[in-house]
Amino acid sequence: MVDFVLVPGAWLGAWAWDEVAEVLRAEGHGVYAVTLPGLAERHDSESAQVGQQQHVDDIVSVVEGNDLRDVVLAGHSYSGIPVGQAAARIGDRLSRVVYVDSNIPTDGKSFIDGWSDEGRAWVEGQLAESGGFWPPLVAEDYADQDLSDEAIAVIVSRSTPHPGRAISEPAALVRPIGELPTTYIKCLMDGAVPSRDVAEQLESPNWELVELPTGHWPMFSQPSALAKIFTGLA
């Protein structure tokens with residue numbers, strides 16, 4: 001049995017992993033779902049100033065503070081960036097990194113650096129208009145992602161604005177992510193193939209690709225299938 005450390009994507013808290021965590025715990029695994037600083041129950045008016053490195057430090061603290069070993073460290077969407085950095089810092093405590101349809105870190109580049117000029121201008125405009133926060137998506141943004149109306153309503157109602165600094169600060173890698181044992185889960189309804197930077201890393205013998213026929217939020221749309229992939233890595 002292993003310990004799973006599960007980190008949610010933008011706007012979400014540890015609650016996003018509830019259904020997946022239930023399956024994993026029923027099979028005897030340890031599960032540590034993380035709410036990153038500035039989000040969900042850790043959100044307040046000052047949260048816009050929470051930086052990406054605080055997110056990395058927080059993930060490392062969960063692993064080291066609980067003296068976890070044989071860790072499967074999973075990050076969804078935005079959180080692939082801090083998870084990839086944290087994975088390199090926890091040394092031999094790491095069993096495997098799992099990127100769940102996520103971004104991956106590139107040394108010296110931020111979450112929004114990989115966006116088009118138009119996309120970057122859009123998100124920077126949102127940060128300026130909302131006091132440094134990245135506003136959550138609205139219900140219409142979750143269409144055609146294999147989500148029930150009930151799931152969409154829950155996600156929208158419980159999402160909190162994301163700290164702007166966290167998506168604009170650059171990643172700082174202490175070790176190339178291609179050296180780490182890694183599984184990348186591609187959710188096919190959010191694009192049939194991985195992004196270029198992910199495809200490059202998949203050339204490493206340490207990386208493997210797993211495809212899941214669902215949308216970008218599989219912890220809500222296909223929690224049992226996602227948990228099955230996780231347990232297959234244990």
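Residues numbered from 1 in each chain as written. Predicted model: local features only at pLDDT ≥ 70, side-chain atom pairs only at ≥ 80, totals over all residues. Heavy atoms only, no water.

## Quick word on the overall build of the protein chain
- Summing up its helical and strand segments, the protein chain has nine helices and eight strands in all.
- Within the protein chain, buried positions represent 53% of all 234 residues.
- The long-range fraction of contacts in the protein chain, counting pairs at least 24 apart against all pairs at least 6 apart in sequence, stands at 76%.
- Accessible surface, the protein chain as shown: approximately 10,100 Å² in total, 47% of it carbon and sulfur.
- The centroid of the 14 positive side-chain charges in the protein chain is displaced by 7 Å from the centroid of its 35 negative side-chain charges. (Helix = DSSP H or I, 4+ residues; strand = E, 2+ residues; numbered from the N terminus. Buried < 20%, exposed > 50% of the residue type's maximum accessible area, 1.4 Å probe, protein only. Contact = heavy atoms within 4.5 Å. Areas by Shrake-Rupley, 256 points an atom, 1.4 Å probe, with all protein chains shown as cover. Lys, Arg positive; Asp, Glu negative; His and termini not counted. Charge placed at Lys NZ, Arg CZ, Asp CG, Glu CD.)

## Things to note about the layout of surface pockets
- By volume, the largest pocket is sized at about 840 Å³.
- For the lining of the largest pocket, the secondary-structure elements that each account for two or more residues are strand 7 (182-187) and helix 7 (196-201).
- Within the lining of the largest pocket, the residues separate by chemical class into 16 nonpolar, ten polar and seven charged. (1 Å grid on protein atoms, 1.4 Å probe; cavity = no way out; pocket = protein on both sides within 12 Å on 5 of 7 lines; lining within 4 Å. Points joined across faces, edges and corners; volume = space filled by probe spheres on them. Nonpolar A, V, L, I, M, F, W, Y, C, P; charged D, E, K, R; others polar.)

## Notes on the nonpolar core
- With 70 residues, the main nonpolar core has Val5, Leu6, Val20, Leu73, Phe220 and Phe230 as its most contacted residues.
- Sequence-distant contacts of phenylalanine 230, defined by excluding residues within four places in its chain, comprise Phe4, Leu6, Trp17, Val20, Leu24, Ala74, Val98, Val100 and Ile185. (Core = buried A, V, L, I, M, F, W, Y, C linked by side-chain atoms within 4.5 Å.)

## Describing the pairing of strand 3 (residues 71-76)
- The buried fraction of strand 3 is high, at six of six residues.
- Residues Val71, Leu73 and Gly75 point to one face of strand 3 and Val72, Ala74 and His76 to the other, with burial holding for every one of them.
- As defined by bridge partners, strand 1 (residues 3-7) adjoins strand 3 across five bridges and the pair is classed as parallel. Residue pairing in the sheet places leucine 6 in a bridge with alanine 74 of strand 3.
- Examined bridge by bridge, strand 3 and strand 4 (residues 94-100) share six bridges and lie parallel to one another. Paired with leucine 73 across the two strands is valine 97, which belongs to strand 4.
- Read from strand 3 through helix 3 (residues 80-89) to strand 4, the crossover connection turns out right-handed. (Pairing = 2+ DSSP bridges. Right-handed = clockwise from strand over helix to strand, strands pointing away.)

## Some words on helix 5 (residues 149-158)
- By the burial criterion, the buried members of helix 5 are Ala151, Ile152 and Ile155. The buried residues of helix 5 all sit within an arc of 100 degrees when viewed along its axis, so they share a single face. Exposed side of helix 5, more than 90 degrees from the buried face: Asp149, Glu150 and Ser157 are the residues found there.
- Residues of helix 5 that are buried sit in contact with helix 8 (218-221). (Arc of directions from axis to C-beta.)

Honestly, that's just the spatial picture; any functional story needs more than this.
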